[in-house]
Amino acid sequence: MSFTQRHTHIAKGTAILLLLYYHVFAAYSDLHFNLAQIAHCCVWIFVFLSGYGLTVSYGKSRQKSTSPLSWILKHIWNLEAFFWPHFLIGVALLYLWVGRGLMSQYGKVWRIILDFFCLSDIFGQTHILSVWWYMGLAILIVLAVPLLVKVTDKIGYFIIPVVYALILLVPDLIVKDELTGPYQGYYLAAVLGVVAARKGLLDKYVTYIEKASSSRTVVLGLLYIFGIISLGMMIVPAEALARFYLPQLIMTVNAVLVILLSVNIAKAADVSKAFEFMGKLSDDMFIMHIVVRTVLWDLIYIVDIPVVIYLLLLISSILVTWGFKAIKKLAGYDKLVSKVSSKLEFKTH
């Protein structure tokens, strides 16, 4: 038994539901603010799963003697090609909704080029939509995975304290603006994903849960939820220890707990289908829900009732993202991306 794509989709589905909650309620000042801080671990979930999935992919490519450079180019291409339709939507939003042109937004042509290739945040330049910052981190994870796999295979679990020490001691090399935090806070989650993949940790947990009784599965799930909430409530006071990256460390631990919880949820056939559905939409919805929230702001916040606000954003985001994915598929874009991706594979000699 292994941690399959279905488990990944369920975990991503959980993450995107948390992300929507965070973006709606992070500005509140009541209980919803505290819950939003807990929900913020969603980004660390995506980072962990990226490290995990890329490591599994890289391991398979090495078994087929695929060149590491080929593997990197293929995955960079997939990221870029995934982003470009979103970039066009951002441009349309800029012109039609904000009433600004590209040059008034970026100032220089080279800044447009940087953003088009998902490099703006790495060099501290502007975006149309701030959520695009994640693309720069995703590219860095792809570039880092071959090295992380090699180091993990050499020193094993010792890579975890080594990376944490480096995070504390080495200044962040990524130039960033005031709207985004340092990338360093996410590096440990990516490394844990790599370690989990190389050591088969999630596969072992899936095997354990599949053999466990339903009552034990439920009890473990409740313990994970209790742990996530308890740790999450420490995040705000932990800001005093921000220089030790304690808030980010808490987020990383909570992300792992959510992923373990997702494995438990997978045993509940009916419930897991809803999370799996959301997970299949999550990559595009990560960006599209910000577009939805911008355009439909008056509708989503028509009444100041938290549950209603969240449900309106969720339903709108599902419909728009589903339509967006359907248009890409009908246009043959996905096939084109896949065809080019397959051409980027070549063997080592």
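Structure first, text after, so check above.
We now turn to the structure provided with this report. Predicted, not measured: the structure shown is a model, and the values here were computed from it. (Residues numbered from 1 in each chain as written. Predicted model: local features only at pLDDT ≥ 70, side-chain atom pairs only at ≥ 80, totals over all residues. Heavy atoms only, no water.)

1. A few points about the overall build of the chain
Where we set the bar: The helix count covers DSSP runs of H or I at least four residues long, the strand count covers runs of E at least two residues long, and both are numbered beginning at the N terminus. As defined in this context, the radius of gyration uses C-alpha atoms, and a globule is described by 2.2 Å times the residue total to the power 0.38. Type-normalised accessible area, obtained with a 1.4 Å probe on protein chains alone, sets the label of each residue: buried when under 20%, exposed when over 50%, and partly exposed for intermediate values.
Counting its regular elements, the chain contains 16 helices and zero strands. For 349 residues, the compact-globule formula gives about 20 Å, and the C-alpha radius of gyration of the chain, at 20 Å, lands near that figure. In terms of overall dimensions, the chain has a C-alpha envelope of 60 × 55 × 45 Å along the principal axes. Across the 349 residues that make up the chain, the buried fraction comes to 50%.

2. Observations concerning the environment of S282
For clarity, the cut-off: Pairing of N or O atoms within 3.5 Å defines a polar contact, subject to two protein rules: one partner must be a possible hydrogen donor and the other a possible acceptor, and residues neighboring in sequence count only if both atoms are side-chain atoms.
Relative to the helices and strands, S282 is located in helix 13 (residues 269–295). A C-alpha to C-alpha distance of 20 Å links S282 and L140, two positions 142 residues apart in sequence. Within polar-contact distance, the side chain of S282 engages the backbone oxygen of G279 at 2.7 Å.

3. Observations regarding the packing of helix 1 (residues 5–25) against helix 15 (residues 306–330)
Defined as follows: Structural elements are reduced to axes, namely lines fitted to C-alpha atoms, with helices fitted over the stretch in contact, and the angle between N-to-C directions of any two is expressed from 0 to 180 degrees. Each angle receives one of four descriptions, namely roughly parallel if under 35 degrees, roughly antiparallel if over 145, roughly perpendicular if within 65 to 115, and oblique otherwise. Crossing handedness: left-handed means the near helix sits turned counterclockwise from the far one by under a right angle, and right-handed means the same turn made clockwise. Contacts were defined at the residue level, with two residues in contact if any of their heavy atoms lie within 4.5 Å. Three classes are used, and their members are as follows: Ala, Val, Leu, Ile, Met, Phe, Trp, Tyr, Cys and Pro are nonpolar, Asp, Glu, Lys and Arg are charged, and the others, Gly among them, are polar.
As a packed pair, helix 1 and helix 15 sit with axes 10 Å apart at the nearest point and diverge in direction by 125°. As far as their axial angle goes, helix 15 and helix 1 are oblique. In terms of crossing hand, the pair formed by helix 1 and helix 15 is right-handed. The residues of helix 15 that touch helix 1, namely those facing L17, L20, Y21, V24 and F25, are P306, I309, Y310, L313, L314 and S317. In terms of residue class, the contact of helix 1 with helix 15 is made up of ten nonpolar, one polar and no charged.

4. Details of the state of the cysteines
Linking two cysteines covalently via their sulfur atoms produces the bond known as a disulfide. Worth spelling out the cut-off: Cysteine sulfur atoms that pair up within 2.5 Å are treated as a disulfide.
If you walk through the whole model with that rule in mind, you get zero disulfides. With no disulfide partner, C41 has as its closest neighbouring cysteine sulfur the one in C42, 6.4 Å distant. According to the relative accessible area criterion, C42 is buried, its value standing at 0%.

5. A word on unusual backbone geometry
Positive phi outside glycine occurs at S65, with the angle close to 60°. With respect to the helices and strands, the residue S65 is situated in the loop between helix 3 (42–63) and helix 4 (68–98). Using a relative accessible area of 34% as the deciding quantity, one classes S65 as partly exposed. Its identity as a non-glycine residue notwithstanding, C118 has a phi of 65°, on the positive side. Structurally, C118 is set in the loop between helix 6 (109–116) and helix 7 (133–155).

6. Overview of empty space enclosed by the protein
Test applied: Grid points spaced at 1 Å and placed over the protein atoms alone form the basis of the search, with a cavity being a set where a 1.4 Å probe fits but cannot get out and a pocket an open set showing protein on both sides within 12 Å along at least five of seven lines. Lining residues have an atom within 4 Å of a point. Grid points are joined across faces, edges and corners, and a volume is the space filled by probe spheres set on the points.
Following the criterion strictly, the structure yields two cavities of 30 Å³ or more and no others. As for the largest cavity, its lining consists of Y164, I167, Q184, G185, L188, Y245, Q248, L249 and T252. Those elements that provide at least two residues to the lining of the largest cavity are helix 8 (159–169), helix 9 (184–199) and helix 12 (246–265). Every residue lining the second largest cavity is listed: F83, D115, C118, L119, S120, D121, H127, W132, M135 and G136. For the lining of the second largest cavity, a count of residues per class yields five nonpolar, three polar and two charged.

7. What about the nonpolar core?
In plain terms, the rule: For our purposes a nonpolar core is just a set of buried Ala, Val, Leu, Ile, Met, Phe, Trp, Tyr and Cys residues, chained together by side-chain atoms within 4.5 Å.
Core analysis: the largest hydrophobic core is formed by 108 residues, its most contacted members being W132 and Y134. Sorting elements by how many residues they give to this core places helix 4 first, with twelve residues. Beyond its immediate stretch of four places on either side in the chain, Y134 contacts V43, F46, V47, S50 and F286.

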